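Next come the chains, spelled out residue by residue.
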Amino acid sequence: MTADAGTAPEPAVERWAVRIEYDGRPFVGWQRQITGLSVQQVLEEAAGRLAAGRPVTSITAGRTDAGVHATGQVAHLDFPMGTGLTGSKVRDALNFHMKPHPVAILQAMPVDSAWNARFSANRRFYRYRIVNRRGRLALDDGRVWLVKRALDIDAMNEAARHLLGRHDFTSFRASACQAKSPLRTLDRLAVMRHGEEITIEADARSFLHHQVRNMVGTLKLVGEGTWAPERVGEALRACDRRAAGPTAPPDGLYLTGVGYDPDPFSVAC
């Protein structure tokens with residue numbers, strides 16, 4: 001089929017999936033904003049340089065907020081066909097052009113044009129880091145949540161079990177959330193302690209805006225003894241944001257991975 005008269009054909013492109021890590025502190029979040037620097041802007045400007053000045057847009061598996069970090073974010077980029085790109089060239093060139101920003105490509109793999117970083121994803125994995133001690137932070141400031149009151153992780157895990165499964169998560173949803181439905185299935189919510197550090201891991205197909213941070217803020221109330229574990233179930237059933245705990249700060253939140261079937265990153269680049 002030929003293009004309509006006066007209509008230029010779509011340029012041929014090759015799609016690349018990239019796995020990314022970044023320190024969220026300098027950024028307004030993943031998505032481009034009118035003011036402030038975003039991770040998306042840094043990535044797309046680097047990709048444009050690799051594409052000899054042609055604009056390259058990105059689609060991501062999930063938009064992180066200002067101050068949120070990633071160790072396994074995923075996006076896809078469409079480059080002009082026939083540029084002789086390889087996985088190592090895409091990775092290394094993007095990393096070069098993104099300096100000095102704290103963003104790095106870990107892997108780059110070619111994917112089919114039908115593959116989509118957002119819509120092909122079937123899992124999202126988050127980790128929240130808490131340092132539970134009285135002393136101030138020297139090394140991890142901006143990368144963890146410092147909680148000075150002692151936290152009981154057994155009580156927190158008991159409370160977390162009330163959130164597992166498919167529920168209406170309105171009580172743990174940001175007021176600005178744009179999702180059409182508050183229904184989500186939470187497959188894993190686990191609290192672990194390693195010395196002074198407490199990690200909370202959450203796995204699901206998808207999450208609502210601020211869902212993880214709101215769950216963490218609520219579990220913190222349980223851990224310090226302000227709430228009984230069963231109150232978390234009551235808050236969930238209330239379907240009212242005012243019934244749950246506060247939103248934990250972005251500092252301790254990390255997007256650690258995105259699941260695909262098949263996984264384009266299962267073969268090393």
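Residues numbered from 1 in each chain as written. Predicted model: local features only at pLDDT ≥ 70, side-chain atom pairs only at ≥ 80, totals over all residues. Heavy atoms only, no water.

Under an unreviewed UniProt entry, the name given to the protein is tRNA pseudouridine synthase A, and the source organism is Gluconacetobacter dulcium.

Caption draft 1: Main features of the environment of R15. In this structure, R15 sits in strand β1 (residues 13-22). What makes R15 buried here is its relative accessible area of 16%. Note: C-alpha distance between R15 and R25 (10 residues apart in sequence) is 29 Å. Sequence-distant contacts of R15, defined by excluding residues within four places in its chain, comprise H76, L77, D78, M109, P110, V111, D112, S113 and W115. A distance of 2.9 Å separates the side chain of R15 from the backbone oxygen of S113, its partner in a polar contact. A polar side-chain atom of R15 sits 2.8 Å from the main-chain carbonyl oxygen of W115. (Helix = DSSP H or I, 4+ residues; strand = E, 2+ residues; numbered from the N terminus. Buried < 20%, exposed > 50% of the residue type's maximum accessible area, 1.4 Å probe, protein only. Contact = heavy atoms within 4.5 Å. Polar contact = N/O pair within 3.5 Å; in protein donor to acceptor, adjacent residues only side chain to side chain.)

Caption draft 2: The arrangement of the layout of surface pockets in detail. When its volume is computed, the largest pocket comes out at roughly 1,200 Å³. What lines the largest pocket is a set of 38 residues, and nearest its centre among them are A61, G62, R63, R118 and F207. Taken together, the residues that form the lining of the largest pocket break down as 17 nonpolar, 13 polar and 8 charged. Residue contributions to the lining of the largest pocket reach at least three from each of two domains, namely domain 1 (14-120) and domain 2 (123-257). (1 Å grid on protein atoms, 1.4 Å probe; cavity = no way out; pocket = protein on both sides within 12 Å on 5 of 7 lines; lining within 4 Å. Points joined across faces, edges and corners; volume = space filled by probe spheres on them. Nonpolar A, V, L, I, M, F, W, Y, C, P; charged D, E, K, R; others polar. Domains from an automatic or database assignment.)

Caption draft 3: Structural view of a negative patch on the surface. Together, D152, D154, E158, E230 and E234 give the surface a local cluster of negative charge. Of all the elements in the fold, those that place two or more residues in the negative patch are α3 (153-160) and α5 (230-238). With respect to the helices, strands and loops of the structure, E158 is situated in helix α3. (Patch = residues over 30% accessible without salt bridge, like charges linked within 9 Å, V, L, I, M, F, W, Y side chains within 5 Å. Areas by Shrake-Rupley, 256 points an atom, 1.4 Å probe, with all protein chains shown as cover. Salt bridge = Lys/Arg side-chain N within 4 Å of Asp/Glu carboxyl O. Lys, Arg positive; Asp, Glu negative; His and termini not counted. Charge placed at Lys NZ, Arg CZ, Asp CG, Glu CD.)

Caption draft 4: The arrangement of the UniProt feature "active site" (unreviewed entry) in the protein in detail. Here, the residues flagged by UniProt with the feature "active site" (unreviewed entry) are D65. Mapped onto the secondary structure, D65 falls in the loop between β2 (58-60) and β3 (69-80). (UniProt positions renumbered as here; feature names shortened; annotations may be inferred.)

Caption draft 5: A look at the pairing of strand β5 (residues 123-132). Counting buried residues along β5, 7 of its 10 residues qualify, which places the element largely inside the surrounding structure. Where β5 lies against strand β9 (residues 197-204), 8 bridges are found, and the strand directions are antiparallel. Residue pairing in the sheet places Y128 in a bridge with I200 of β9. Looking at chain direction, β5 and strand β6 (residues 145-147) are connected through 3 bridges and run parallel. Each residue of the ladder has a partner; that of I130, found in β6, is W145. (Pairing = 2+ DSSP bridges.)

Caption draft 6: Structural detail: the pattern of salt bridges. The tally for this structure, following the rule as stated, stands at 15 salt bridges. Between R127 and E201 there is a salt bridge, and its shortest N-O distance comes to 3.1 Å. Pair noted here: R127 is in strand β5 and E201 is in strand β9, with a separation of 74 residues, a long-range link. The exposure class assigned to R127 is partly exposed, which follows from its relative accessible area of 30%. The partner of E197 in a salt bridge is R129, and the shortest N-O contact between them spans 2.9 Å. Taken together, the positions of E197 in strand β9 and R129 in strand β5 put the pair 68 residues apart, joining distant regions of the chain. We classify E197 as partly exposed; its relative accessible area is 22%.

Caption draft 7: Seen up close, helix α4 (residues 211-223). For α4, which comprises 13 residues, the first-to-last C-alpha distance of 18 Å matches the rise-based estimate of 18 Å (1.5 Å per residue) to within 8%. Of the residues one or two after α4, G225 is the one with positive phi, at around 90 degrees. (Expected span 1.5 Å × (residues − 1).)

Caption draft 8: Layout of the packing of helix α1 (residues 39-50) against helix α2 (residues 87-98). Packing of α1 against α2 brings their axes to within 9 Å, and their N-to-C directions diverge by 115 degrees. You can see that α1 and α2 cross each other, and the crossing is right-handed. Seen from α1, the contacting residues are V42, L43, A46, A47, R49 and L50; seen from α2, they are V90, A93, L94, H97 and M98. Tallied by class, residues from the contact of α1 with α2 come to 9 nonpolar, 1 polar and 1 charged. (Axes fitted to C-alpha atoms, helices over the stretch in contact; angles between N-to-C directions. Left-handed = near helix turned anticlockwise from the far one by under 90°.)

Caption draft 9: Quick look at the UniProt feature "binding site: substrate" (unreviewed entry) in the protein. The UniProt record annotates "binding site: substrate" (unreviewed entry) at Y126. Structurally, the position occupied by Y126 is in strand β5. Overall, Y126 belongs to the buried group, its relative accessible area being 13%. In contact with Y126, not counting residues within four places along its chain, are I200, E201, A202, F207, V212, L253, Y254, L255 and T256.

Caption draft 10: The arrangement of unusual backbone geometry in detail. A cis geometry characterises the amide bond from K99 onward to P100, with omega recorded as 0 degrees. Positionally, P100 belongs in the loop between α2 and β4 (103-111). With an omega of 0 degrees, the peptide bond running from D261 to P262 counts as cis. Counting through the fold element by element, P262 comes out in the segment after β10 (253-259). Of note, the phi angle at A52 is positive, near 60 degrees, even though the residue is not glycine. Note on placement: A52 falls in the loop between α1 and β2. The phi angle at C239 is positive, at roughly 50 degrees, despite the residue not being glycine. With respect to the helices and strands, C239 occurs in the loop between α5 and β10. According to the relative accessible area criterion, C239 is partly exposed, its value standing at 35%.

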